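Listed here are the chains, written in short residue letters.
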Amino acid sequence: MQGQDVKRQYDHLFELLKEHQKWISESITLIASENVPSPAVREAILSDFGNRYAEGWPGERVYAGCKYIDQVEIAAQNLGKELFGAEFVDVRPIAGVNSNLVIYTAFTDPGDRILSLSIPNGGHITYGKKELGGTAGAVHGLVVENIPFDDEEMNIDVDRTKQKIESMIKEGKKPKMIVFGGSVFLFPHPLKELSDYLKSNEILTMYDGAHVLGLIAGGQFQDPLREGADFMTGSTHKTMPGPQGGIVVSFNKFSDKIKGSVFPSNTSNHHLHHMAAKAVVFAEMLAFGKDYATNVIRNAQSLAEALSARGLKVIGGRNGFTESHQVLVDVTAQGGGWGVERELEDANIILNRNMIPSDIKEGRHFKDPGGIRMGTQELTRLGMGRSEMEYIGDLIYRTVVKKDDHERIRSEISALKRKFPKVSYAFDNQQDAYSYITLRK
Ligand SMILES: *Cc1c(COP(=O)(O)O)cnc(C)c1O
């Protein structure tokens, strides 16, 4: 490759980064697992922490050069403990997947059984079966059985779950652990209802809060550690509007096993810039989390109502559609999730196709599932409220059902987004939410 070509490709990379950022700034961002961090979080991510190593625990590092890093990590732990009312917090896992693997490694052995939700019922691939390439099965060798689910209630079926565990015990196949949580997560899971039963049978309880961590931090969803969970794992970039990363929250009695499973088993370098940014977002959530989480959930309910009022088939209607950031819609009547996702993306409405409980029975699969999934956390963070949700519901309806001209939808969205340039629920917001930061020249 000629020097000039290399420079052209190098320059092109930055053009693509900028184009992406401009596009996002002009779009309705509804992917339920994403968020926009504050300028403060972005500043921490840009710091020199991102170039350093600090394996191990603060004060017991394998590397020199950690005197400030240790202080920041201890602050992150303390802020996290305060935020979740927890005895023990480990901020080193570098992703939600990594956090789940930390728990599997610490508390299960290959060949053990676990219970978790299937993917069409909202389960995540990290607790999937080996045949599906799931982390639990394929990486840690666990045998995965599914938790019985009630499609109408869109929640775990408590009685059938107990019956299933009873029969597993009778067959000598008692599960070691049950995993609550999921990627479709409309309503709090029945931890309280199952906790005594699980404890009396000595079954460990893991709660995967990847999606709902910010809602839990704001005190607006459920309180897993008080409701019976032994450990909560999560991602720090979904409803928790922080850096991409993971976390494990638990009790002192489990801390040694978790610490050892994080390092040396499942991390070496733990991405210190993201660790620092976790401390920043925890402080923001302690100050603003209650308001933020309350508004995220209100906005999800408003969006669900707006879509339902326009004839779209919003799932979970029996229980008011949602008590989280998510809205799930059955779009089989509109041609299925794949086509609807593509059409909306062309109109600058970005969300994802998703499996719904009826998919497997009706012969659909993950490439073209029956549903679409949305989350209101990012738009809420920009300060949007009920009337904007109503309007966005209408934009989706006009795109998918009325087949309005995409160019027109895009220009309306651009005008709407210009009214909400900043991140709310943060101490500082000098830079616009989607400003592109240049350091090169
Ligand atoms: C996103 C997600 C994960 C994985 O998190 P990453 O941070 O992407 O690794 C784990 N569990 C659930 C339920 C998720 O939705």
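Provided above is the structure to which this section pertains.
It should be emphasised that the depicted structure is a prediction, and the values quoted were computed from it without experimental measurement.

Draft legend 1. Quick look at the sheet that holds strand 14 (residues 326-330). The antiparallel open sheet is built from four strands, whose spatial order is 13-14-17-16. Either end of the sheet is taken by a strand with one partner, and the two such strands are strand 13 (313-314) and strand 16 (352-354). In this structure, strand 16 lies alongside strand 17 (residues 371-375), joined through three bridges in antiparallel fashion. Paired with asparagine 352 across the bridge in strand 17 is arginine 373. Those strands touched by helix 11 (residues 272-309) are strand 13, strand 14 and strand 17, and its axis lies near 20 degrees from that of strand 14.

Draft legend 2. A look at the side chain of aspartate 90. Locating aspartate 90 in the fold gives a position in strand 4 (residues 88-90). Side chain to side chain, aspartate 90 and arginine 92 meet in a polar contact 2.7 Å long.

Draft legend 3. View of a nonpolar patch on the surface. Taken together, the side chains of Leu46, Ile437 and Leu439 present a nonpolar region at the surface, about 310 Å² in accessible area. Looking at the secondary structure, you find leucine 46 in helix 2 (residues 39-46).

Draft legend 4. How the structure looks around helix 2. Among all positions in helix 2, only Pro39, Val41, Arg42 and Ala44 are buried. Taken together, the buried residues of helix 2 touch helix 1 (3-25) and helix 11.

Draft legend 5. Just the site of the ligand, in detail. With respect to spatial proximity, 15 residues lie near the ligand, and among them Gly96, Ser183, Asp208, Ser235 and Lys238 are the closest. The contact in question runs from an oxygen atom of the ligand to an N or O atom on the backbone of glycine 96, over 2.8 Å. The contact in question runs from an oxygen atom of the ligand to an N or O atom on the backbone of valine 97, over 2.9 Å. Out of a free accessible area of 380 Å², the ligand has 86% covered by protein chains. Per element, the largest residue contribution to the shell around the ligand is three residues, and it comes from helix 4 (residues 96-107). Looking at the shell around the ligand residue by residue, the class counts come to four nonpolar, nine polar and two charged.

Cut-offs used in this document
Sequence order as written defines residue numbering, which begins from 1 separately in each chain. Residues qualify for local features only when their pLDDT is at least 70, as the model is predicted, and side-chain atom pairs are given and counted only at 80 or more; totals for whole chains, interfaces and linings, by contrast, use all residues. The basis for the side-chain values is all heavy atoms of the structure; hydrogens and waters are excluded. Whether two strands pair depends on DSSP finding at least two bridges between them. Strands here are runs of E lasting at least two residues and helices are runs of H or I lasting at least four, both read from the DSSP assignment and numbered beginning at the N terminus. By definition, residues are in contact when any of their heavy atoms lie within 4.5 Å. Inter-axis angles, ranging from 0 to 180 degrees, are taken between N-to-C directions of lines fitted to C-alpha atoms, where helices are fitted over the stretch in contact. Between N or O atoms, a polar contact is any pair within 3.5 Å; within protein, one atom must be a potential hydrogen donor and the other a potential acceptor, and residues adjacent in sequence are included only when both atoms are from side chains. A patch is a set of surface residues, each over 30% in relative accessible area and not in a salt bridge, joined within 9 Å for like charges and within 5 Å for the nonpolar side chains Val, Leu, Ile, Met, Phe, Trp and Tyr. For the accessible areas, the method is Shrake-Rupley and the probe is 1.4 Å, while residue cover comes only from the protein chains on display. One speaks of a salt bridge when a side-chain nitrogen belonging to Lys or Arg is within 4 Å of a carboxyl oxygen belonging to Asp or Glu. The buried label applies to any residue whose accessible area, calculated with a 1.4 Å probe on protein chains only, is under 20% of its type's maximum; exposed applies above 50%, and partly exposed to all values in between. It suffices for a single heavy atom of a residue to lie within 4 Å of a molecule or strand for the residue to be listed as near it. Each residue is assigned to one of three groups, with Ala, Val, Leu, Ile, Met, Phe, Trp, Tyr, Cys and Pro labelled nonpolar, Asp, Glu, Lys and Arg labelled charged, and all others, Gly among them, labelled polar.

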